[in-house]
Amino acid sequence: MKYSYYPGCTLKTKATKLESYALEAAKKLNISLEEIENWQCCGGVYPQSDGEVAQKLSSVRSLISARDKEEKLLTLCSACHNVIKRVNNDIRTKENVRKKANLYLEVENEYKGETEVVHYLEMLKNDVTFDILKEKVENSLNGRRIGAYYGCLLLRPQKEMAFDNPENPTIIEDFIEALGGKAIKYPYRTECCGGYLAVNNKKLAENMSDKIIKSAELNEIEEIITACPLCKYNLEKKDSKIKVTYFTELLAEALNLKTEEE
């Protein structure tokens, strides 16, 4: 199976583990991820305005690149996934956005939103399948109590993202169980961690992320996994014993791709 791959900026700087383990695991699972040439930052936040499409063009370029190769466009970062998938939906459903984007990019073959945008977790669930993944496990997690942290961006808005049930998602729990872990559901796993509020209202973001960690502690969770670099940053607490890691680190561990030093 082959995909066009959009990494995003943070995976090349502060979140290298999210990417490196994903790429290693993909090879072991016979998945080919071809990084898009000359990709540009998606902006990190979905641009709400339909009148000015300039902020959406970088996403459209990547979508066109995948379309021209007749491949799905795969993402890893929750924020990038949210932006690119919603921009693709704009191209499909909003004629004014579609016309402006194609005009600005001077596209020969008009882009109409043909590309399917998938998250790495969706690829594991739908294309690899969790049953096959379970068979590939070499280093079982042996019932370790692990909590999924979805946050906002993978699940909402529900109609556009179509990732999972925003109130009671199961995809990451199923992923954990496939690797031999014990997936523990806790009340705040789909609540916002504070996101970019950490930049200009750090206290509020800390209060929001504290509630999530305390909820996990009450449920005796040993480790929280996430797909979002900003969520990981906000959830990491010096006074908590709960480890916060990327879901790809857990995958690499189960596939025996991590050394003890890592």
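Scroll up for the structure.
How each quantity is defined
- Residues numbered from 1 in each chain as written.
- Predicted model: local features only at pLDDT ≥ 70, side-chain atom pairs only at ≥ 80, totals over all residues.
- Heavy atoms only, no water.
- Helix = DSSP H or I, 4+ residues; strand = E, 2+ residues; numbered from the N terminus.
- Axes fitted to C-alpha atoms, helices over the stretch in contact; angles between N-to-C directions.
- Parallel < 35°, antiparallel > 145°, perpendicular 65-115°, else oblique.
- Contact = heavy atoms within 4.5 Å.
- Nonpolar A, V, L, I, M, F, W, Y, C, P; charged D, E, K, R; others polar.
- Pairing = 2+ DSSP bridges.
- Core = buried A, V, L, I, M, F, W, Y, C linked by side-chain atoms within 4.5 Å.
- Buried < 20%, exposed > 50% of the residue type's maximum accessible area, 1.4 Å probe, protein only.

Some thoughts on unusual backbone geometry
Turning to step 1, where the next piece is worked out: The residue after R156, namely P157, is reached through a cis peptide bond having omega 0°.
Turning to step 2, where the next piece is worked out: One non-glycine residue, E70, lies in the positive phi region at around 55°.
Turning to step 3, where the next piece is worked out: By the element assignment, E70 lies in the loop between α2 (57-68) and β3 (73-75).

Remarks on the packing of α2 against helix α3 (residues 78-93)
Turning to step 1, where the next piece is worked out: For the pair α2 and α3, interaxial distance at closest approach is 9 Å and the crossing angle is 80°. Between α2 and α3, the angle falls in the class roughly perpendicular. Of the residues in α3, those touching α2 at S59, V60 and L63 are V83, I84, V87, N88 and I91.
Turning to step 2, where the next piece is worked out: Split into classes, the residues belonging to the contact of α2 with α3 amount to 6 nonpolar, 2 polar and no charged.

Observations concerning the sheet that holds strand β2 (residues 32-35)
Turning to step 1, where the next piece is worked out: Strand order in this open sheet of 4 strands is β2-β1-β3-β4, and the pairing throughout is parallel. Two strands in the sheet have a free side with no partner beyond their single neighbour: β2 and β4 (117-119). The average angle at which neighbouring strand axes cross in this sheet is 40°, direction not considered.
Turning to step 2, where the next piece is worked out: Summarising the sheet, strand β1 (residues 2-6) and β2 pair through 4 bridges and their orientation is parallel. Of the residues in β2, the one forming a bridge with Y5 is E35.

Describing the nonpolar core
Turning to step 1, where the next piece is worked out: Judged by nonpolar contacts, the single largest core of 68 residues is most densely connected at Y120 and F175.
Turning to step 2, where the next piece is worked out: For this core, the element with the most residues is α3, which contributes 6 residues.
Turning to step 3, where the next piece is worked out: Once residues lying within four places of it in the same chain are set aside, the contact partners of Y120 are A22, A25, A26, L33, L74, T75, L76, F247 and L251.
Turning to step 4, where the next piece is worked out: Among the nonpolar cores identified, the runner-up in size contains 14 residues, and Y149, Y186, C193 and I213 belong to it.

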